[in-house]
Amino acid sequence: MRLCYNTDTYIIRGISILLSFINFSKTYKGGKKAVDDLSLHIEKGDIFGFIGHNGAGKTTLSKLLIGLYNDFDGAIEYNGIDSESLDKQDVYGLFSVAMQDYCKYPLTVRDNIIISDWSDKDNGSVEEVSGQASADGFIAGLKDGYDTMLNKALSDDGTELSEGQWHKLVLARALYRDRDVLLFDEPSNSLDPIAEKNFMDALMEKYKDKTIIIISHRLSCCTTADKIIVMDDGKVVDIGNHKELMKRNGIYKTMFETQAAAYIEA
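An account of the accompanying structure is given in this report.

About the thresholds
Residues numbered from 1 in each chain as written. Predicted model: local features only at pLDDT ≥ 70, side-chain atom pairs only at ≥ 80, totals over all residues. Heavy atoms only, no water. Pairing = 2+ DSSP bridges. Helix = DSSP H or I, 4+ residues; strand = E, 2+ residues; numbered from the N terminus. Axes fitted to C-alpha atoms, helices over the stretch in contact; angles between N-to-C directions. Expected span 1.5 Å × (residues − 1). Buried < 20%, exposed > 50% of the residue type's maximum accessible area, 1.4 Å probe, protein only. Arc of directions from axis to C-beta. Contact = heavy atoms within 4.5 Å. Polar contact = N/O pair within 3.5 Å; in protein donor to acceptor, adjacent residues only side chain to side chain. 1 Å grid on protein atoms, 1.4 Å probe; cavity = no way out; pocket = protein on both sides within 12 Å on 5 of 7 lines; lining within 4 Å. Points joined across faces, edges and corners; volume = space filled by probe spheres on them. Nonpolar A, V, L, I, M, F, W, Y, C, P; charged D, E, K, R; others polar. Salt bridge = Lys/Arg side-chain N within 4 Å of Asp/Glu carboxyl O. Core = buried A, V, L, I, M, F, W, Y, C linked by side-chain atoms within 4.5 Å.

**As for the sheet that holds strand 9 (residues 181-185)**
Thought 1: Sheet architecture is open: six strands sit in the order 8-9-10-5-11-12, paired in mixed fashion. A single partner strand is all that each edge strand has here, and the edge strands are strand 8 (95-98) and strand 12 (235-240). Neighbouring strand axes in the sheet, compared pairwise and without regard to direction, differ in orientation by 15° on average.
Thought 2: With five bridges joining them, strand 9 and strand 10 (residues 211-215) adopt parallel strand pairing. Within strand 10, the residue paired with Asp 185 across the bridge is Ile 215.

**Section: unusual backbone geometry**
Thought 1: Located in the positive-phi region is Asn 151, a residue other than glycine, with phi close to 50°.
Thought 2: Along the chain, the position of Asn 151 falls in the loop between helix 5 (136-140) and helix 6 (163-177).
Thought 3: Phi is positive for Asp 178, which is not a glycine, with a value near 55°.
Thought 4: Here Asp 178 is to be found in the loop between helix 6 and strand 9.

**So, helix 7 (residues 193-206)**
Thought 1: With 14 residues, helix 7 should cover 20 Å at 1.5 Å per step; its first-to-last C-alpha distance of 20 Å lies within 8% of that length.
Thought 2: Every buried residue of helix 7 is listed here: Ala 195, Glu 196, Phe 199, Met 200, Ala 202 and Leu 203. The arc that holds every buried residue of helix 7, seen down its axis, measures 155°, which confines them to one face. Exposed and facing more than 90 degrees away from the buried side of helix 7 are Pro 193, Ile 194, Lys 197 and Glu 205.
Thought 3: Here the buried face of helix 7 lies against helix 4 (126-132), helix 6, strand 9 and strand 10.
Thought 4: The residue sitting at the N-terminus of helix 7 and contributing the capping side-chain oxygen is Asp 192; that oxygen lies 2.9 Å from the backbone nitrogen of Ile 194.

**Details of the layout of surface pockets**
The gaps of empty space that remain are located by a probe, the size of a water molecule, rolled over the atoms.
Thought 1: Here the largest pocket defines a volume of roughly 510 Å³.
Thought 2: Surrounding the largest pocket, 20 residues form its lining, Ile 66, Phe 95, Ser 96, Val 97 and Arg 177 being those nearest its centre.
Thought 3: Listing elements by their share of the lining of the largest pocket, those giving two or more residues are helix 2 (88-92), strand 8 and helix 6.
Thought 4: Considering only residue class, the lining of the largest pocket consists of 13 nonpolar, four polar and three charged.

**Things to note about empty space enclosed by the protein**
Thought 1: Counted according to the given criterion, the structure contains one cavity of 30 Å³ or more.
Thought 2: Lining the largest cavity are Phe 21, Ile 42, Phe 50, Lys 58, Leu 61, Ser 62, Leu 65, Leu 183, Ile 213 and Ile 215.
Thought 3: Listed by contribution, the elements that provide at least two residues to the lining of the largest cavity are helix 1 (58-65) and strand 10.
Thought 4: With four residues, helix 1 is the single largest residue contributor to the lining of the largest cavity.
Thought 5: Here the lining of the largest cavity is composed, by residue class, of eight nonpolar, one polar and one charged.

**A short note on the pattern of salt bridges**
Thought 1: Per the counting criterion, the structure on display carries 13 salt bridges.
Thought 2: Between Lys 227 and Asp 46 there is a salt bridge, and its shortest N-O distance comes to 3.5 Å. Of this pair, Lys 227 sits in strand 11 (residues 227-232) while Asp 46 sits in the loop between strand 4 (33-43) and strand 5 (47-52), and the two are 181 residues apart along the sequence. Take Lys 227 and Asp 46: they sit in the same class, and that class is buried.
Thought 3: Because the salt bridges share partners, they merge into one network encompassing Lys 33, Asp 36 and Lys 235.

**Some points on the side chain of Thr 148**
Thought 1: Tracing the chain through its elements places Thr 148 in the loop between helix 5 and helix 6.
Thought 2: On the basis of relative accessible area, Thr 148 is assigned to the buried category, the value being 0%.
Thought 3: Sequence-distant contacts of Thr 148, that is, excluding residues within four places in its chain, are made with Leu 107, Thr 108, Val 109, Leu 142, Lys 143 and Thr 159.

**So, the nonpolar core**
Thought 1: Counting residues in hydrophobic clusters, the biggest one holds 44 residues, and the most contacted among them are Leu 169, Phe 184 and Leu 203.
Thought 2: The element contributing the most residues to this core is helix 6, with eight residues.
Thought 3: Setting aside residues no more than four positions away along its own chain, Leu 169 makes contact with Val 109, Asn 112, Ile 113, Ala 135, Phe 138, Ile 139, Leu 150 and Leu 161.
Thought 4: Leu 18, Ile 42, Val 181 and Ile 215 belong to the second-largest nonpolar core, a separate cluster that totals 30 residues.

Quick look at the structure:
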C-alpha cells in the first residue's frame, strides 16, 4: 500500500475505493468554511479515525458523507458514482450511523434497536449487538428486559434511561443495521474504559469486512485505526496510523500526549 499526498490532496493507491471527496468544500452562512477544498479517498474494509479540535470540520464532514447536507462545492463519490446521480435512499442504504444527536423512541428496548432495520425483525442478533455495545448489562436489570417500554411519552409506566444507557442502545442500533459502512460520531461518549474497549474489540473482530469511520475526541478510540485523518480548520493536515503520527510533531501527537498526561498525573 502506498500513500501519496501533497498539501491538500490525499490519494490512496492500490486499494478498491469506496468513498471519495473530490475538491470538496462546505461553506456555512456568513462565509465560514467548515470543510475547505478537501480531496480524500476512503477504501473498503479499513478502520478510519477522524480527529481534530472542536470546529475542525469532522462532524460536518460525516453529515455530508451520509447525505444529510446537499449544498456543497466539489463532489462526493460512492464506488465511483457521483452522489448527485444517486437517489438519496441508495446513499442512506450504505450506512449504519450512530451520531451524537439521536432519537429516543417511546417503544420497547428491543424495538429501539431493531427500528434501524425493520426488514428482518429480531433475527436473533439483538442480544448479540447489545453485548457488543455493553448495553446487555443494564437491559438485564430492567423490569421486562428487552420488552421494557421506554420513556413516558406514550405510557406512564415507561422507563426513563440515563444518557449513557441511551447511548449504548444507539450503538447497538447502528450495529444491528449492519450496512457496508459503519459511522460512529463520538462512540465513546458515556462509555467507561472497559465498555469502550469491548466496543472497539467487537468492531475489529466482528466487522472486519466493513468500512468503519470513527469520529472522536478521545484518541484511545483511534489508536488501532488503519488510518487516522487529522483535521484542522476544515482541512486534512495529516494522515497515518498511530505510530506514524506519533513520530511527527503535529496536532495528533500534541492531543494524544495531552490526554495521556491527564491519566498519568491523576
